Amino acid sequence: MARLDIQNLVKRYGDFHAVKDVSLSVADGEFVVLLGPSGCGKTTTLRMVAGFIEPTAGQVRLGDGDVTLLPPWRRNTGMVFQSYALFPHLTVAQNVAFGLEMRKVPKADMEKRVEEALALVRLSGYGARLPRQLSGGQQQRVALARALAIRPDVLLLDEPLSNLDAKLRQEVRVEIRELQRQLGLTTVMVTHDQEEALTMADRLVVMNEGTVHQVGSQRDLYERPADRFVAGFVGRTTFLAGTVESAGRFRTEGGLGLAVAGGTPGKAALSLRPERIEIAPAPLPGLDNDLPGTVEFVSYLGAQIDIHVRLSPADRLVVQVANRADGFSPEVGQQVHVGWRASAGQVFGE
Amino acid sequence: MNVAIIKRRAGRWALNGAAAVGLLYILTPLIFVTWLAFFYQEIPSFPPEGYSLRWFAAILDQPKFVNGFSLSFQVGVIATLIGLALAVPAALCITRFQFTFRAPLASLLLMPLIVPGVVLGTAMYVFHVTLENGLDVDVLGTFYALVAGHVVIVIPWIVRLVTASLSGVDRTTEEAAQNLGANAWVTFWRITLPAIRPGIVAGALFGFVTSFGNLEMSLFLVGPGRTTLPIVILQYLEWKIDPTIAAVSVVQILLICIAMLITDRYVRLARVV
């Protein structure tokens, strides 16, 4: 295992900037997730690390060496593809042995290492099968074993779970994470699924339109989003459009005056997390903001309930409440009060 | 029984019926030729006077059939091998790379399928004459010139079928191989080639059959004492109409059937063609 350094990486296709100046360091044994919507440049970045795409500018360093210009087969990276990319005409054992063969590992050693790799992913005894005789989850594990068998400097995961069904995905997430910790694998994963990213990563990198918007822990991204994009992408939030009149005062487009924390005068958006808002049948005098509203829509999600409250003709807010036995659960059309502390919201200037 | 089930059954019967008619239409000539080959009498007439294998024996008595068969076989095999060496890289090139003349090149490679054999033959004849005059070597009517001509009609089949199977190859398997340490060449041999093998085998088979049965173009390219089987058959038919030709055809049909059955054991033809 080794550390990975990406410095000022750029990829241009004609006028289109797929990746604009991305820099990132991944420490030895760290699990970093690149998170962003499709087309944000995360996969392009990963493929530049693997060597499938040649960067327009910038550098990729793996351990002590500069690998920017090396072809994929000269870099010691282990990649797990979204489609698994197993070789259909080779058995499971031959698939796993492929990378070892390329490295000219002696035969006796090779068999042992194939066995080890299959045991790691709990597929001992499946060596003689063909990929098409395995379930999707098993194929995914073969792909992982194949990447691990070569003892890569860095493990690259390209949306490895997106072809699994929801239940299996949750199990495999934990499995990969445990394996990664146990083996101390330097890992970079790409995903657009924020839940997946949040459960697996040591550190997250939020990307959009080819640039890195924020790098940080789960808590950093959720509690202190760097900008409006991150606030909207990580977790759920309601944005109220309006203007900051003076520090601490915000007026929505619908004309509501709200207390906020900080802000510089000008057009802005106020981000409010649904679970940080209180809702009650009567006024909420203890809070910095207290507004009357009408319930427009309720979605019952089991453990929690989402309540959409109309505050003014232009302003609507989503409030999430835990579904407790004694909890308040209003009906559509009911008059309610919503409230929150000034510090619960975050203002993003435009 | 409710109406929906009756309707569905009627639909299935109609479909099977149409398929049967189509199949019969294709098979009728083959069935008649095969039947005719076993007639006893020299002038084919119905009903047959009796059955015999004498026409099959007659083939072996006439060296022109044996020689024609041998030449057609040699030309077919060599033209197919050369065709493979040219068409497989060409198919890779037009499916994998983007370049200015990609689309025209792809059409050009399939062109021999569209151009009538007579036109192709004439063009080659003129070309060979020019070449012979210009270079002062024997070209016209030589074995090599004949093979070269057949390579042209073999190429489109291989290009078509290999292109079709290349488009079904999961490109990420190639990337996975490279990621695991295989360079471009090893990746091609170990991953891509096995994946397109069905297309290659099927393309070679169709190419061979096309070459073996070609008449129009070959007419312009054969030389004295060097005649392919279809031409031998044509020449024979100018003078005689006894069932020898039917027997020759039956042998040909059998050989092609055997080739297809053998091929089918290695690659499922129904999946490629």
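Structure's up top.
Asks: Explanation requested: the overall build of chain A in the structure shown.
Replies: Looking only at helices and strands, chain A has eight helices and 20 strands in total. Each principal axis of the C-alpha distribution contributes one length, and for chain A these read about 75 × 45 × 30 Å. Residue burial in chain A is summarised as follows: out of 350 residues, 40% are buried.

Asks: Any chance you could explain the overall build of chain B here in plain terms?
Replies: A count of helices and strands for chain B gives 12 helices and zero strands. For the C-alpha atoms alone, the extent of chain B along its principal axes is close to 80 × 70 × 30 Å. Here the contacts in chain B between residues at least 6 apart in sequence split such that 75% fall between residues at least 24 apart.

Asks: Help me understand the pairing of strand β17 (residues 304–312) of chain A, please; the structure alone is not making it clear to me.
Replies: The two faces of the sheet receive side chains in turn, since in a regular strand these alternate between them. Residues and elements named next belong to chain A. In this structure, strand β16 (residues 289–300) lies alongside β17, joined through six bridges in antiparallel fashion. Bridge assignment links Ser299 to a residue of β17, and that residue is Asp306. The hairpin formed by β16 and β17 contains three residues between the paired strands, and Gly302 there has a positive phi angle of roughly 90°. Pairing geometry for β17 and strand β18 (residues 315–322), over eight bridges, is antiparallel. Counterpart to Val309 in the pairing with β18 is Leu317. The turn linking β17 back onto β18 is made up of two residues.

Asks: Would you mind showing me how to read the sheet that holds strand β13 (residues 257–259) of chain A here?
Replies: Across a sheet, strands are paired by hydrogen bonds formed along the backbone, either parallel or antiparallel in direction. Residue and element names in this part refer to chain A. If you trace the five strands from one edge of the open sheet to the other, you get β13-β12-β11-β14-β20, paired in antiparallel fashion. Looking at which strands have only one partner, the edges of the open sheet turn out to be β13 and β20 (345–349). Between one strand axis and the next, the sheet turns through 40° on average, direction left out of account.

Asks: Explanation requested: unusual backbone geometry in the structure shown.
Replies: Keep in mind that most residues, glycine aside, have a negative phi and that most peptide bonds are trans. Of note, the phi angle at A:Asp21 is positive, near 50°, even though the residue is not glycine. Mapping A:Asp21 onto the fold places it in strand β2 (residues 16–26).

Asks: Can you walk me through the interface of chain A and chain B in this structure?
Replies: The figure often quoted for interface size is the accessible area lost as the parts come together. Taken together, the contacts link 16 residues of chain A with 14 residues of chain B. Listed by contribution, the elements that provide at least two residues to the side of chain A that touches chain B are β6 (77–80) and α2 (92–102) of chain A. With three residues, the top contributor of residues to the side of chain A that touches chain B is α2(A). Of the residues belonging to the side of chain A that touches chain B, the class tally is 11 nonpolar, four polar and one charged.

Asks: Help me out: how do you make sense of the sheet that holds strand β9 (residues 203–208) of chain A in this one?
Replies: Residue and element names in this part refer to chain A. Reading across the sheet, the six strands line up as β6-β7-β8-β3-β9-β10 and stay open at both edges, with mixed pairing between neighbours. Each end of this open sheet is capped by a strand with a single partner; those strands are β6 and β10 (211–216). Averaged over all pairs of adjacent strands, the angle between strand axes in this sheet comes to 20°, irrespective of strand direction. Of the pairings in the sheet, the one linking strand β3 (residues 31–35) to β9 comprises four bridges and is parallel in character. Residue pairing for β9: Val33 is matched across the bridge by Leu204. Against the sheet, helix α4 (residues 136–149) makes contact with β6 and β7 (154–158), and its axis sits at roughly 175° relative to β6, the strand it touches most.

Asks: Hey, could you run me through helix α3 (residues 107–120) of chain A in this one?
Replies: One full turn of an α-helix is made of 3.6 residues, so residues set three or four places apart face in the same direction. Residue and element names in this part refer to chain A. For α3, with 14 residues, the first-to-last C-alpha span of 20 Å sits near the 20 Å given by 1.5 Å per residue. For α3, the set of buried residues is Val114, Ala117 and Leu118. Each buried residue of α3 sits inside an arc of 95° when the element is viewed along its axis, so together they form one side. α3 presents Ala108, Asp109, Lys112 and Ala119 as exposed residues on the side facing more than 90 degrees away from its buried surface. As for α3, its buried residues are in contact with α2 and α4. At the C-terminal side of α3, Arg122 shows a positive phi close to 55°.

Asks: Would you take a moment to explain the nonpolar core for this structure?
Replies: Generally speaking, nonpolar side chains in soluble globular proteins are found buried as a group. Residues A:Val33, A:Val96, A:Ala145 and A:Val188 are the most contacted members of the largest nonpolar core, which totals 74 residues. Contacts of A:Val188, omitting those with residues within four sequence positions, involve A:Leu4, A:Val26, A:Val32, A:Leu34, A:Leu46, A:Val49, A:Val154 and A:Leu156. One finds B:Phe65, B:Ala87, B:Leu120 and B:Phe206 within the second-largest nonpolar core, a separate group that totals 46 residues.

Asks: Even after reading the chapter, I still don't get the environment of A:Leu130, so can you show me in this structure?
Replies: Residues and elements named next belong to chain A. When you line up the elements, Leu130 lands in the loop between α3 and α4. You can call Leu130 partly exposed: it has 15 C-beta atoms within 10 Å. Sequence separation between Leu130 and Thr238 is 108 residues, and the spatial gap between their C-alpha atoms is 49 Å.

Asks: Quick question: what am I supposed to make of the environment of A:Val319 here?
Replies: All names here are of chain A. Mapping Val319 onto the fold places it in strand β18. Remark: the alpha-carbon pair of Val319 and Val309, spanning 10 residues in sequence, is separated by 7.4 Å. Sequence-distant contacts of Val319, defined by excluding residues within four places in its chain, comprise Pro274, Ile277, Ile279, Ile307, Val309 and Val338.

Asks: What am I meant to see in helix α1 (residues 3–37) of chain B here?
Replies: Over its 35 residues, α1(B) extends 50 Å from the first C-alpha to the last, a length consistent with the 51 Å expected when each residue adds 1.5 Å. Here α1(B) lies mainly on the outside; one of its 35 residues are buried.

Asks: How should the packing of α2(A) against α4(A) be read in this particular structure?
Replies: Working note: a packed helix pair is described by the angle between its axes plus the distance between those axes. Residues and elements named next belong to chain A. It is the contact of α2 with α4, at a shortest axis distance of 7 Å, that shows an interaxial angle of 25°. The orientation of α2 relative to α4 falls into the category roughly parallel. Handedness of the α2/α4 crossing: right-handed. Across from Val92, Asn95, Val96, Phe98, Gly99 and Leu100 in α2, the residues of α4 making contact are Val142, Ala145, Arg146 and Ala149. Counted by class, the contact of α2 with α4 contains seven nonpolar, two polar and one charged residues.

Asks: For this particular structure, what's the right way to read the environment of A:His89?
Replies: Relative to the helices and strands, A:His89 is located in the loop between β6 and α2. Residues A:His89 and A:Leu130, 41 residues apart in the sequence, show an inter-C-alpha distance of 7.3 Å.

Asks: I'm lost on the pairing of strand β19 (residues 335–340) of chain A in this one. Help?
Replies: Residue and element names in this part refer to chain A. Burial along β19 is one-sided: the face carrying Val336, Val338 and Trp340 is buried and the face carrying Gln335, His337 and Gly339 is not. One ladder, built from three bridges, connects strand β15 (residues 278–280) with β19; its direction is antiparallel. Looking across to β19, one finds that Ala280 is bridged to His337. By the bridge criterion, six bridges tie β16 to β19 in an arrangement that is antiparallel. From the neighbouring strand, Asn289 faces β19, where its bridge partner is Trp340.

Cut-off values and rules
Residues numbered from 1 in each chain as written. Chains lettered and ligands numbered in written order. Predicted model: local features only at pLDDT ≥ 70, side-chain atom pairs only at ≥ 80, totals over all residues. Helix = DSSP H or I, 4+ residues; strand = E, 2+ residues; numbered from the N terminus. Buried ≥ 20, exposed ≤ 12 C-beta atoms within 10 Å, placed from the backbone. Contact = placed C-beta atoms within 7 Å. Pairing = 2+ DSSP bridges. Axes fitted to C-alpha atoms, helices over the stretch in contact; angles between N-to-C directions. Nonpolar A, V, L, I, M, F, W, Y, C, P; charged D, E, K, R; others polar. Expected span 1.5 Å × (residues − 1). Arc of directions from axis to C-beta. Core = buried A, V, L, I, M, F, W, Y, C linked by C-beta atoms within 7 Å. Parallel < 35°, antiparallel > 145°, perpendicular 65-115°, else oblique. Left-handed = near helix turned anticlockwise from the far one by under 90°.

These values are about where atoms sit, not about what they do.
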